[in-house]
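Listed below, chain by chain, are the residues.
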Amino acid sequence: MPEHRETRTLYAIGLRLGAIAALALMSAFIKLLSERGVGLVELVFYRQLIALPVVYAWICATRGAMGFATTRIGSHARRTIVGLTGMFLNFGAVVLLPLAEAATIGFTVPIFATILSALVLREATGIHRWGAVLIGFAGVVVMARPDSAHFPPLGLAVAISAAIATATVSIMLRVLSRTEEAPVIVFWFSLLSVPPLGLLMLWHGQMHDAATFALILAMGASGGIAQMLLTNALRWGPVSVVLPMDYSAILWATGLGWLLWSTLPIASTWIGAVLIIASGLY
């Protein structure tokens, strides 16, 4: 494959918006499952295990039964290590914080990713995009109201660490996708994740009722779909353009929070949302 591909910005943005919708559903399922006693190791294990056949079906439909072949297993292994770390942190943030607050802190990802894309990938960002990112960060601060009563310190630390890990993964995916197709990247991430997670399940696995396993299945499927869309979006568009679309998560977090937990954002959240959405759209 060529080292540099065509950039299709609008297509990449559409893929990212779809991915964020799927991730919002996955986060809601994670929150519900944590309330039903499902542990963090179980959540990550089932997320990866259930996503594997979904991704393989995608490969069979688009590339054939052996379409997962790769010559960059080392790069996939490194991506798996960072990706699993980020997944544990992101899931932990959802468990420790209310859904909207976890999503809000996640909005700092484009800030870290823009810095990394400029330093590592040498992508042009421009003063206007830097300004838009800073305005978005100001909106996050307004929304978050970072006081100890509103944000548990541990949850806040985990969420910020998750944002940094997610930004790092985005840079790795941007580089890896120059020679690897999106389904191959997602397949190897899922496949390489299962053995170490399965080992941890020997100590952390539990039995659950049918309703809980149905939610686990829905979480894994939505996560697998989101992962495919996320990876494909980074193949077709620059990191610093694609990632600001994550701001659409505020709409999903608000709607799902009201539907499932009868909670609505406070006034400062709406003010911050205006800044964040304007930044993302720009």
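Quick notes on the rules
All residue numbers refer to position in the chain's written sequence, counted from 1. Only residues with pLDDT of 70 or above have their local features reported here, since the model is predicted, and side-chain atom pairs are shown and tallied only from 80 upward, although totals for entire chains, interfaces and linings are computed over all residues. Note that water and hydrogens are dropped before the side-chain values are worked out from all heavy atoms of the structure. The aromatic pairing rule takes the rings of Phe, Tyr and Trp, using the six-membered ring of Trp, and pairs them if the centres are within 6.5 Å, calling planes under 30 degrees apart stacked, those over 60 edge-to-face and the rest tilted. Elements are defined by DSSP. Helices are runs of H or I of four residues or more, strands are runs of E of two residues or more, and each kind is numbered from the N terminus. The buried label applies to any residue whose accessible area, calculated with a 1.4 Å probe on protein chains only, is under 20% of its type's maximum; exposed applies above 50%, and partly exposed to all values in between. What makes a patch is a set of residues exposed beyond 30% relative accessible area and free of salt bridges, joined within 9 Å when like-charged and within 5 Å when nonpolar (Val, Leu, Ile, Met, Phe, Trp, Tyr). To be clear on the numbers: accessible area is Shrake-Rupley with a 1.4 Å probe, and residue cover counts the displayed protein chains and nothing else. Every case where a carboxyl oxygen of Asp or Glu lies within 4 Å of a side-chain nitrogen of Lys or Arg is listed as a salt bridge. What pLDDT reports is the predictor's confidence in each residue, on a scale of 0 through 100. To get an axis, fit a line to the C-alpha atoms, keeping to the stretch in contact for a helix; angles then go from 0 to 180 degrees between the N-to-C directions. The scheme is simple: roughly parallel for angles under 35 degrees, roughly antiparallel for over 145, roughly perpendicular for 65 to 115, oblique for anything else. A crossing counts as left-handed when the near helix is turned anticlockwise from the far one by less than a right angle, and as right-handed when that turn is clockwise. Residue contacts are counted whenever heavy atoms from the two residues lie within 4.5 Å of one another. All residues other than Ala, Val, Leu, Ile, Met, Phe, Trp, Tyr, Cys, Pro, Asp, Glu, Lys and Arg, Gly among them, are scored as polar; the first ten of these are nonpolar and the last four charged.

### Remarks on the packing of aromatic side chains
Next up, step 1: What the rule picks out here adds up to eight aromatic pairs.
Next up, step 2: Ring centres of tyrosine 11 and tryptophan 236 lie 6.2 Å apart, and the angle between their planes is 70 degrees; on these two criteria the pair is classed as edge-to-face. Note that tyrosine 11 is positioned in helix H1 (residues 9–35) and tryptophan 236 in helix H9 (residues 210–236), a separation of 225 residues in sequence.
Next up, step 3: For tyrosine 11, a relative accessible area of 35% corresponds to the partly exposed category.
Next up, step 4: Exposure remark for tryptophan 236: the relative accessible area of 11% places this residue in the buried category.

### Looking at a nonpolar patch on the surface
Next up, step 1: Together, Leu40, Val95, Leu96 and Leu154 give the surface a local cluster of nonpolar side chains, amounting to about 320 Å² of exposed area.
Next up, step 2: Summarising the element assignment, valine 95 is placed in helix H3 (residues 73–96).
Next up, step 3: Owing to a relative accessible area of 33%, valine 95 belongs among the partly exposed residues under this scheme.

### Focus on the pattern of salt bridges
Next up, step 1: One pass over the full model with this rule turns up one salt bridge.
Next up, step 2: A salt bridge links aspartate 209 to arginine 36, with the shortest nitrogen-to-oxygen separation between them at 3.4 Å. Of the two residues, aspartate 209 is situated in the loop between helix H8 (182–204) and H9 and arginine 36 in the loop between H1 and helix H2 (40–62); the sequence distance between them amounts to 173 residues.

### Description of the confidence of the model for the chain
Next up, step 1: For the chain, per-residue confidence averages 84 on the pLDDT scale, and 94% of positions sit at 70 or higher.
Next up, step 2: When the elements of the chain are averaged for pLDDT, helix H12 (residues 267–281) gives the smallest value, 74, and H3 the largest, 93.

### With respect to the packing of helix H7 (residues 153–176) against H9
Next up, step 1: Interaxial distance between H7 and H9 falls to 8 Å at its minimum, and their mutual angle equals 60 degrees. The orientation of H7 with respect to H9, classified from their angle, is oblique. By crossing handedness, the relation of H7 to H9 is classed as right-handed. Counted together, Ser170, Leu173 and Arg174 of H7 and Thr231, Leu234, Arg235 and Trp236 of H9 form the full contact between these two elements.
Next up, step 2: The residue makeup of the contact of H7 with H9, split by class, is three nonpolar, two polar and two charged.

### Looking at the environment of serine 190
Next up, step 1: Within the element layout of this structure, serine 190 appears in helix H8.
Next up, step 2: Here serine 190 falls in the buried class, since its relative accessible area comes to 1%.
Next up, step 3: With residues near it in sequence (within four places) discarded, serine 190 still touches Gln48, Ala51 and Leu52.

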